[in-house]
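Architecture at a glance
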Amino acid sequence: MLRQRLSRPALLLALLALLPLTGAAPPARASAPETLAPPGTAAPALGSAARRPRMVASDSARRAYRAWRPGVRPRARADSIARADSLARADSLTRAAAPPPRDYVAEVRAAFTPANRAYATTRAALGFLEPLYGLLLGLFVLFSGLSAWMRDRARAASRHAYVQTLVYLVLYLAAGFVLQFPLAFYQGFALERHYGLLNQSFGSWLLDEIKGLLVFLVFFGAVPLIRLAYVAIRRFPRNWWLVLGLATLPVVLAGTFLQPLVVEPLFNRFTPLADRRLEARILETASRAGIPARRVVQMDASRQSRRYNAYVSGFGPSQRIVLWDTTLKGMTADEIVFVVGHEAAHYRLGHLWKGILFETGMGLLVFAIAAALARGALARWGPRWGFTELHDLASLPLIVVALTLAMFLTQPGANAFTRRLERDADTFGLELTHANEAAASAFLKMGAQNRSNPEPGPAVEFFLYSHPPLLERVRFALSYRPWEIGRPGRLFHPGG
Ligand SMILES: [Zn+2]
């Protein structure tokens, strides 16, 4: 559960580095595939948003559903449900006063109130609108001649290519910030405030936005990276996309490693778990998954948000599980234990590594598509835009537009991948904790609190959801109990 959408899973830093004009969230707030519920995505509740077409959507969702638990044959599942039912029945015979079992599916549907539906629908619409808005802005910067003008200012400022890049980038980011502000304000502040999901004042929110921009410019080394990218484009006019696509790997590695050390502390405070009683249970769960106590921290997310979430960030020595204080306050100990089990899966199963490798492969595809689009557009409109070579600095908005389009086209693939990791994390979490009911009620609470749609349409799920829809997760949480029939877990092996 981290930054919504590559930004979605927001990891192609190098690529994202090029995306400030597209409305992609600043890297600092990006959510990766490791969260419980990506905070910024369109499907904010347990799902994040990502994107997808109709027929294919439901088919592949079904296929993925089956694939995600090969260890449990449908038969075994039916057995375990039957067994649980008969145990429950026997129990209710002996203790007549036992409360009736909760109908979580009905509760989840009931929790999706008209207000929550309105919010979730708006978010989903924004999931499609945001890339479109980025595209239009990029085209505006090109066709208005603004990009050529900024390049001329940069050239007038210095003869050094590096300084020119710096000047151009500062102008470009400033223009992007202003042009993009209406949408950023609406979806990042106004909408969230209106639905009671944001805890920040406007000033504090704006400060975080500006910090994000500066982090991008300074910490992520946007200037040297973009300078190097242009050197590559000049030296390898035909294969620059391959060079840049491969170059994303070290950049993403460094960014992921440093995120918890350098970036996250700029926005929030991270401390050991404050509640001593909870701490014992949380750390015991983590320890059974082989995760040392110092790798579990809490974050003062309530500074910004009222949502519930948790995530894993960093890797190697910087990897850690982060629990939002909102989650710790709003959920019961049993529910939190399941959340920890889910996050422990991302940690133990190497999901950050898998995500990084997947993103690198995806990055190559994205750059290949973008290079083809950019070449075609340049040949057709380059003279009108004031440049005829792709290695001209004024081409930056064109490259960003092409990357935005390519990312949108490949987004369903990225989402299918992260949904699969999330299903694995739910499976592992259940095998570790056996907390089926607590998992279902954790999903229920999270959906209600975050106002997410538990049953999105297939197109919305396909294009926007980095996490499986809530109702699917609730059903799985209630039915997955291989241990009740003596079967080993598929992903969690005690002592292993
Ligand atoms: Zn997760």
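**Some points on the overall build of the chain**
A tally of helices and strands in the chain yields 18 helices and four strands. When each of the 496 residues of the chain is scored for burial, the buried share is 50%. Of the contacts formed within the chain by residues at least 6 apart in sequence, a portion of 81% connects residues at least 24 apart.

**Re the sheet that holds strand β4 (residues 320-324)**
The strand order across the open sheet built from four strands is β1-β2-β4-β3, with neighbouring strands paired in mixed fashion. Because the sheet does not close on itself, it has two edges, and the strands there are β1 (270-271) and β3 (310-313). Across four bridges, β3 lies against β4 in antiparallel orientation. The partner of S313 across the bridge, within β4, is R320. Sitting on the sheet, helix α10 (residues 240-267) is in contact with β1, β3 and β4, with an inclination near 130° to β3.

**Concerning the pairing of strand β2 (residues 296-299)**
Sheet topology places β1 next to β2; two bridges connect them, and they run antiparallel. Paired with T271 across the bridge in β2 is Q298. Judged from the four bridges that link them, β2 and β4 form a sheet pairing that is parallel. Its bridge partner being in β4, V297 is matched across the sheet by V322.

**A few points about the confidence of the model for the chain**
On average, residues of the chain score 82 in pLDDT, and 80% of them are at 70 or above. For the chain, the element scoring lowest by mean pLDDT is helix α2 (residues 54-67), at 31; helix α6 (residues 146-157) scores highest, at 97. Note on residues 1-33: pLDDT under 50 across the span, and 154 contacts to partners over four residues away in sequence or across chains. Contacts of residues 38-94 to residues separated by more than four positions or lying in other chains number 157 contacts, the stretch itself having pLDDT below 50.

**Comments concerning helix α16 (residues 436-450)**
The end-to-end C-alpha distance of α16 is 21 Å, a good match for the 21 Å that 15 residues give at a rise of 1.5 Å each. Within α16, twelve of the 15 residues are buried, leaving the element largely enclosed by the surrounding structure. Taken residue by residue, α16 has A438, A439, A440, S441, A442, F443, L444, M446, G447, A448, Q449 and N450 as its buried positions. Of the surrounding secondary structure, the elements contacted by the buried residues of α16 are α4 (104-111), α12 (325-330), α13 (333-348), α15 (396-433) and α18 (470-479). Remark: R451 follows α16 within two positions and exhibits a positive phi of approximately 60°.

**Considerations on the nonpolar core**
With 100 residues, the main nonpolar core has I321 and A370 as its most contacted residues. Top contributing element to this core by residue count: α15, with 18 residues. Beyond its immediate stretch of four places on either side in the chain, A370 contacts W241, I399, A402, L403 and A406. Counting residues in hydrophobic clusters, the runner-up holds eight residues, among them Y119, A124, F462 and F463.

**Topic: unusual backbone geometry**
Despite not being glycine, H434 has its phi angle at roughly 55°, a positive value. By secondary structure assignment, the location of H434 is in the loop between α15 and α16.

**Overview of the packing of α10 against helix α14 (residues 351-385)**
Direction vectors running N to C along α10 and α14 enclose 150°, while the axes themselves pass 8 Å from each other. Our classification of the angle between α10 and α14 gives roughly antiparallel. Crossing hand, α10 versus α14: right-handed. Contact with α10, carried on its side by W240, W241, L244, G245, T248, L249, V252, L253 and T256, involves L352, I356, E359, T360, G363, L364, F367, A368, A370 and A371 of α14 and no other residues of that element. Along the lines of polarity and charge, the residues of the contact of α10 with α14 split into 13 nonpolar, five polar and one charged.

**Digging into the environment of A414**
With respect to the secondary-structure elements, A414 resides in helix α15. Given 25 C-beta atoms within a 10 Å radius, A414 is considered buried. Along the backbone, A414 and L464 are 50 residues apart, and their C-alpha atoms lie at a distance of 9.9 Å.

**Describing the environment of I321**
Note on placement: I321 falls in strand β4. Overall, I321 belongs to the buried group, with 24 C-beta atoms counted inside 10 Å. Each C-alpha atom, one on I321 and one on H346, is 9.0 Å from the other, the two residues being 25 residues apart in sequence. In contact with I321, not counting residues within four places along its chain, are A286, I291, R295, V296, V312, V340, E343, A344 and Y347.

**Comments concerning α10**
Spanning 28 residues, α10 covers only 35 Å between terminal C-alpha atoms, well under the ideal 40 Å at 1.5 Å per step. If you look at α10, its biggest bend is around 70°, right at Q259, and the proline P260 turns up within four residues after that. Buried within α10 are the following residues: W240, W241, L244, G245, T248, V251, V252, G255, T256, Q259 and V263.

**What to know about the packing of helix α5 (residues 114-143) against helix α7 (residues 161-194)**
Packing of α5 against α7 brings their axes to within 10 Å, and their N-to-C directions diverge by 175°. Taken together, the axis directions place α5 and α7 in an arrangement best described as roughly antiparallel. Across from T122, L126, E130, Y133, L137 and V141 in α5, the residues of α7 making contact are A175, L179, Q180, L183, Q187 and L191. When the residues that make up the contact of α5 with α7 are grouped by side-chain class, the tally is eight nonpolar, three polar and one charged.

Calculation criteria
Residues numbered from 1 in each chain as written. Predicted model: local features only at pLDDT ≥ 70, side-chain atom pairs only at ≥ 80, totals over all residues. Helix = DSSP H or I, 4+ residues; strand = E, 2+ residues; numbered from the N terminus. Buried ≥ 20, exposed ≤ 12 C-beta atoms within 10 Å, placed from the backbone. Contact = placed C-beta atoms within 7 Å. Pairing = 2+ DSSP bridges. Axes fitted to C-alpha atoms, helices over the stretch in contact; angles between N-to-C directions. pLDDT = per-residue confidence, 0-100. Expected span 1.5 Å × (residues − 1). Core = buried A, V, L, I, M, F, W, Y, C linked by C-beta atoms within 7 Å. Parallel < 35°, antiparallel > 145°, perpendicular 65-115°, else oblique. Left-handed = near helix turned anticlockwise from the far one by under 90°. Nonpolar A, V, L, I, M, F, W, Y, C, P; charged D, E, K, R; others polar. Bend = angle between axes of the 7 residues up to and from the residue.

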